[in-house]
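# Breakdown of the fold
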Amino acid sequence: MHPDENEQVILKLETLIRETQTTIDRVETYGLNNTMPEDYQALLDILDNAIKQQREHTQAMLLL
């Protein structure tokens, strides 16, 4: 992957991370993390996966 492609992926992942974190904050505010634990866990998994992917793309870009 070219550095500019890695950068585009990193920026899109950053958007996903921010939006997912905002959703998690809302879910916690309204207590839905207690009433919908599977959905809450899915959001946490999405966030975790996006952060890991962003880290991988950042490292790949730095090694080029």
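The model shown is predicted, which means the values in this text are computed figures rather than measured ones.

Here we take up the pattern of salt bridges. Going through the model one piece at a time under the given rule, you end up with two salt bridges. For D48, the salt bridge identified is with K52, shortest N-O distance 3.1 Å. Of this pair, D48 and K52 both sit in helix 3 (residues 37–63), four residues apart, roughly one helical turn.

Let us look at a nonpolar patch on the surface. Together, Y30, L32 and M36 make up an exposed nonpolar region whose accessible area comes to about 310 Å². Relative to the elements of secondary structure, Y30 occurs in the loop between helix 1 (3–29) and helix 2 (32–35).

Criteria and thresholds
- Every chain is numbered on its own, with residues counted from 1 as its sequence reads.
- Local features in a predicted model are, by the rule used here, given only for residues with pLDDT of at least 70; side-chain atom pairs are given and counted only at 80 or more, and totals for whole chains, interfaces and linings are based on all residues.
- To obtain the side-chain values, all non-hydrogen atoms of the structure were included, while hydrogens and water were left out.
- What makes a salt bridge here is a side-chain nitrogen of Lys or Arg within 4 Å of a carboxyl oxygen of Asp or Glu, nothing more.
- Numbering goes from the N terminus for both helices and strands, where a helix is a DSSP run of H or I of at least four residues and a strand is a run of E of at least two.
- By definition, no residue in a patch forms a salt bridge, and every one has over 30% relative accessible area; like charges are joined within 9 Å, nonpolar side chains (Val, Leu, Ile, Met, Phe, Trp, Tyr) within 5 Å.
- Accessible areas in this description were obtained via Shrake-Rupley with a 1.4 Å probe; residue shielding takes into account the shown protein chains only.

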